[in-house]
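# Examination of the molecular architecture
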Amino acid sequence: MYSEDGRTMAGRVEMAIVGAVAGLAMWALLDKGRDIVTNPHAYLATVSFAAGFFAVLLGLSGPHRVARAALPALLLGAVGALLITMSGLRFGTLDEIGQAAHPIGGWAVFLCIATPFAAVKLVQHESLTDYGRLFDTSWSILVRYSAGWLFTGILFGVAFLSHELLDIVGITVIEDLLEQDPVRWAFVGFSLGLGLSVVHELRQYLSPYLLLRMLRMLVPVVLVVVAVFAAAALFQGPDQLFGSLSRAATLLAVALVMISLISIALDRSDADAPEARWMRLSTAALAVLLPVIATLAVYAIWLRVAQYGWTPTRLLAAAVAFVVMLYALVYPVCVVMGSGWMARVRRANVWIAGATLVSIAAWMSPVLNAERISTSNQVARAESGAVRPDQAPLWEMHREWGKAGRAGLEVLKASDNDALAKAAEEAAKGRRQARQDQKTGKAQRLLEVLVVLPEGETITSEQIGNMSSWELDKFQNCGETAASRCVLVFGDFDPTISARQAILLQSEPGRSSWRRWMMTLESNSVDFQRLGSRYDVTAAHVQRLVDGDYRVAPSSLKSLWIGDFEILPTE
């Protein structure tokens with residue numbers, strides 16, 4: 001038999017270990033994964049699966065043992081990875097996926113909505129429509145994660161102060177440890193896991209109800225603002241109300257706030273809802289006004305689409321508006337039906353949440369390919385003459401709309417309309433030129449700040465320019481100050497290599513050490529290999545290099561040779 005204190009400590013250790021493993025896994029994937037998983041879509045699937053799995057696992061653990069929470073975390077992590085990968089296949093590179101943003105956003109929203117359902121399923125296997133339990137679980141996970149991240153920040157603050165104190169007497173062990181990327185990531189995960197465990201233990205004292213009671217007070221405030229807006233909108237012209245898509249975004253945001261406040265005010269049951277009659281009436285009035293805001297948002301989107309056609313951004317706004325309209329149609333009906341309207345709204349929330357999950361899955365699947373739909377619409381508009389070539393979003397199609405956009409631009413380049421074909425050709429050239437100019441700028445900046453030794457040795461802009469954009473991005477932190485200086489030292493370091501060789505010492509942002517690379521140059525090709533971290537290069541070492549106080553000489557170590565096979569004592 002274990003004592004209560006023993007079980008508590010075991011739970012903390014378990015969560016802390018899971019968090020540390022999560023941190024190490026994310027470090028390995030983000031820092032080393034690109035070198036192992038070279039296909040961008042396979043890399044996206046791997047990272048999203050790991051991130052989703054650990055996020056759900058940490059969210060479910062605490063109330064449930066880690067082993068019990070692992071299966072739903074695996075399932076949700078796999079489904080989330082599948083969805084974001086399907087969405088990511090619309091694009092050619094990770095940069096394009098990140099620029100589009102909606103695949104990552106859809107993945108995150110899917111996990112946020114699906115996790116409470118998984119938590120309820122762990123407790124009661126029969127039903128997923130227990131609104132009270134879903135309500136409690138959702139807000140509990142939010143509060144636990146918020147408090148867990150706060151605890152992580154506090155621990156980092158304590159570690160920093162501890163380092164500052166010990167540094168007075170010349171002890172730098174804390175800084176030396178946290179300067180190592182794996183240790184820092186593991187420490188973040190360890191702190192988060194431990195914080196989540198402690199927050200669960202103190203759930204009687206740190207519940208979401210304080211936050212919910214505070215937010216509930218905003219219902220009458222928002223009701224007055226929305227009522228005033230609805231009255232004033234009657235006297236405004238359409239052009240004043242719907243001059244841009246940003247108006248639709250504002251209306252959708254207000255609608256989402258209204259939906260959230262209505263759900264918060266109604267709480268988990270009638271017994272927990274506000275007792276004051278005026279608060280219940282205010283909540284009902286807010287529900288009745290929701291269709292006004294939702295309809296105006298839909299109308300604003302429709303006006304922009306009718307004028308300028310579909311784009312991925314407008315399709316995303318339309319998808320959000322679809323979900324908002326579900327609430328806007330159901331909430332007033334529940335209120336108008338009379339007594340029991342609050343219970344009906346709660347039941348509707350569960351089903352609309354399920355419909356939202358289906359909508360997200362459709363959005364991220366080939367069924368609703370926003371880039372393909374937008375491209376087809378814009379190509380048709382351009383070919384029909386509905387839009388002038390100089391007004392068509394040709395640049396966006398090639399730069400931001402992924403594979404479908406580039407395919408659409410190829411169609412327009414073959415158009416019988418000479419002006420349209422020329423505009424499409426210029427848009428494609430402009431994108432390629434913009435990429436090349438950006439890459440050239442990065443190479444030139446690196447060349448300007450890079451210290452090349454010994455005197456007389458050079459590296460050309462063409463050689464640096466032949467590096468990939470991803471490789472160039474690694475060295476954009478190089479600067480002219482002592483803390484950001486990067487030094488390239490040429491020498492015959494490896495006699496088995498006929499190409500020119502150099503060691504590159506690269507400063508690392510926020511750290512007092514330098515990363516080491518072995519660089520080989522053959523003709524205009526450049527190859528990098530990261531060296532180990534056995535030796536700590538400091539600012540003083542780099543300054544001595546710049547001052548010329550160095551030499552390239554044989555190693556002081558001896559190797560074990562077995563025939564032609566060499567074993568170095570440092571490996």
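These notes cover the structure that comes with them.

The rules behind the values
Residues numbered from 1 in each chain as written. Predicted model: local features only at pLDDT ≥ 70, side-chain atom pairs only at ≥ 80, totals over all residues. Heavy atoms only, no water. Helix = DSSP H or I, 4+ residues; strand = E, 2+ residues; numbered from the N terminus. Buried < 20%, exposed > 50% of the residue type's maximum accessible area, 1.4 Å probe, protein only. Contact = heavy atoms within 4.5 Å. Lys, Arg positive; Asp, Glu negative; His and termini not counted. Charge placed at Lys NZ, Arg CZ, Asp CG, Glu CD. Phe/Tyr/Trp six-rings, centres within 6.5 Å; stacked < 30°, edge-to-face > 60°. Pairing = 2+ DSSP bridges.

### Looking at the overall build of the protein
Of regular secondary structure, the protein possesses 22 helices and seven strands. Here the protein holds 571 residues, and the buried ones make up 42% of them. Taking contacts inside the protein between residues at least 6 apart in sequence as the whole, the part at least 24 apart equals 68%. The averaged location of the 51 negative side-chain charges in the protein is 9 Å from the averaged location of its 49 positive side-chain charges.

### With respect to the packing of aromatic side chains
Between two aromatic rings, the relevant description is the distance of the centres plus the angle of the planes. Within this structure, the stated rule accounts for seven aromatic pairs. When the ring of Tyr299 is compared with that of Trp302, the centres are 6.0 Å apart and the planes differ by 20°; the resulting orientation is stacked. Placement of the pair is Tyr299 and Trp302 together in helix H13 (residues 277-308), with a separation of three residues, close to one helical turn. Relative accessible area serves as the criterion here: at 34%, Tyr299 is assigned to the partly exposed category. Residue classification places Trp302 among the exposed positions, given a relative accessible area of 53%. For the pair Tyr327 and Tyr331, a centre-to-centre distance of 5.5 Å together with 75° between the ring planes defines the contact as edge-to-face. Placement of the pair is Tyr327 and Tyr331 together in helix H14 (residues 312-336), with a separation of four residues, close to one helical turn.

### Comments concerning the pairing of strand S2 (residues 487-490)
Because side chains alternate across S2, one face comprises the buried residues Val487 and Val489, and the other comprises Leu488 and Phe490, equally buried. Strand direction decides the pairing type here: strand S1 (residues 451-453) and S2, joined by three bridges, are parallel. For Leu453, the partnering residue across the bridge sits in S2 and is Val489. As defined by bridge partners, S2 adjoins strand S3 (residues 500-507) across four bridges and the pair is classed as antiparallel. Each bridged residue has a counterpart across the sheet, and for Leu488 the counterpart in S3 is Leu504.

### Quick look at the environment of Ala227
Of note, Ala227 is situated in helix H10 (residues 218-233). Its relative accessible area of 34% is what places Ala227 among the partly exposed residues. Sequence separation between Ala227 and Ala285 is 58 residues; the distance between their C-alpha atoms is 9.4 Å.

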